[in-house]
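# Observations on the three-dimensional arrangement
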Amino acid sequence: MKNQSHPIVVVKRRKAKSHGGGGHGSWKIAYADFMTAMMAFFLVMWLISISSPKELIQIAEYFRTPLATAVVGGPRISNSDSPIPGGGDDVTQQQGEVNKQPNMDELKKRMETNRLKRIRGELDQLIEADPKLRALRPHLKIDLVQEGLRIQIIDSQNRPMFKTGSAEVEPYMRDILRGIAPVLNEIPNKISLSGHTDDYPYAGGERGYSNWELSADRANASRRELVIGGLSEGKVLRVVGMANTMRLSSHGGDDAINRRISLLVLNNQAEQAILNENAQSQNEPLSALPSPSATQSPTPPQSDQR
């Protein structure tokens, strides 16, 4: 065989380009993204730190708006005439949803109403979970009223809340009051307690011990049971006896349903009304008020035409 010359093929492998000598440079991109995110985070924290309390409430309400609207109702974005929520058709215009600042009083009132609704739901769950309280459900009436959340414990001929003509609490009434006390501690609202009786008078009328004293004594006895059940001291703002002046509608004055204890979880407006009603600064004596002659110009004397 003849010696054949074969071409020599040399294969050279190219080395991968190094990025900064580390072999891979993707970590730099991730690090840059991280630093950008951290800078944005600290910028947001700085903006929050310099915001006023009013602006912070508005920001919080903005993020809660979908839930708040679903719970308490109100205008939704889908009901808006603006195709661009927040600016309207022309972003240069000053009118638009973005410029509508929510009223602070309305925001506080809405948040307070939500708290009271939550407490009402917790009371319903408590009653359903406790067999003793569930059996007493016909004696409980819970509803939201203009002044707050009202809980009425109603008497009946078959199951009175107190001993006849006395402020001594019956066992089932004690269970109700002590059972709801911890739930009432979950909110900062003050409480007003009022006692009510039927219109059966005492033998001595109102000259001696009467329905006025009885209703007040029963309201105070209920307050003591709430405190024993865990209600914080200072939680009760007012204890009053109403005698038979506030009978329930569509019931006669002698009906047992009028014998009741009304427990009202006051909203802020009702609480302020009570405080202003009894505050010394709000009730100046008549001697301190300007006389009409000092504030009005004297009227000329009229001739006698008799």
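Residues numbered from 1 in each chain as written. Predicted model: local features only at pLDDT ≥ 70, side-chain atom pairs only at ≥ 80, totals over all residues. Heavy atoms only, no water.

## Some words on the overall build of the protein chain
Selection rule: Secondary structure counts use DSSP, requiring at least four H or I residues in a row for a helix and at least two E residues in a row for a strand, with both numbered from the N terminus. Only protein chains enter the accessibility calculation, which uses a 1.4 Å probe. A residue is then buried if its area is under 20% of the maximum for its type, exposed if over 50%, and partly exposed in between. Methods summary: accessible areas were calculated by the Shrake-Rupley approach with a probe of 1.4 Å, and residue burial reflects only the protein chains presented.
A count of helices and strands for the protein chain gives eight helices and five strands. Within the protein chain, the fraction of its 306 residues that count as buried is 27%. Accessible surface for the protein chain amounts to roughly 21800 Å². Of this, 55% is attributable to carbon and sulfur atoms.

## Here we look at unusual backbone geometry
Phi is positive for alanine 243, which is not a glycine, with a value near 50°. When you line up the elements, alanine 243 lands in the loop between β4 (236-241) and β5 (260-266). In this structure alanine 243 comes out as buried when scored by relative accessible area, which is 1%.

## Re the UniProt feature "transmembrane region" (unreviewed entry) in the protein chain
Heads up, the condition is: UniProt positions are given in the numbering used here, feature names are shortened, and annotations may be inferred rather than shown by experiment.
As recorded in UniProt, the sites labelled "transmembrane region" (unreviewed entry) are residues 29-48. What you have in residues 29-48 is 100% helix and 0% strand, and the ends, taken at the C-alpha atoms, are 29 Å apart.

## Digging into helix α7 (residues 268-278)
For clarity, the cut-off: The arc under discussion is defined with respect to the helix axis, by the directions toward the C-beta atoms. Whether two residues touch is decided by their heavy atoms; if any such pair falls within 4.5 Å, the residues are in contact.
The set of residues buried in α7 consists of Ala270, Glu271 and Ile274. Summarising the axial view, the buried residues of α7 lie within an arc of 100°, below the 170-degree limit, and thus occupy one face. Looking at the packing, one finds that the buried side of α7 touches β4 and β5.

## What to know about the packing of aromatic side chains
Rule in force here: Paired rings are identified among Phe, Tyr and Trp, the last through its six-membered ring, by centres lying within 6.5 Å, and are further divided according to the angle between planes into stacked (under 30 degrees), edge-to-face (over 60) and tilted (the rest).
Under the defined criterion, the tally for this structure stands at two aromatic pairs. Between tyrosine 202 and tyrosine 209 the ring centres are 5.7 Å apart and the planes differ by 75°, which places this aromatic pair in the edge-to-face class. Among the residues examined, tyrosine 202 registers a relative accessible area of 26% and is labelled partly exposed.

## Topic: the sheet that holds strand β3 (residues 191-196)
Inclusion rule: Pairing between two strands is assigned when DSSP locates at least 2 bridges connecting them. Between N-to-C directions, angles span 0 to 180 degrees; the directions come from axes that are lines fitted to C-alpha atoms, helices contributing only their stretch in contact.
The strand order across the open sheet formed by five strands is β1-β2-β5-β3-β4, and the pairing between neighbours is mixed. The open sheet terminates on both sides in strands that have one partner only, identified here as β1 (140-145) and β4. Strand-to-strand, the axes of this sheet are offset by a mean angle of 15°, without reference to chain direction. Sheet topology places strand β2 (residues 148-154) next to β5; seven bridges connect them, and they run antiparallel. For arginine 150, the partnering residue across the bridge sits in β5 and is leucine 264. Contacting β1, β2, β3 and β5, helix α5 (residues 171-184) runs over the sheet at an angle of about 165° to β2.

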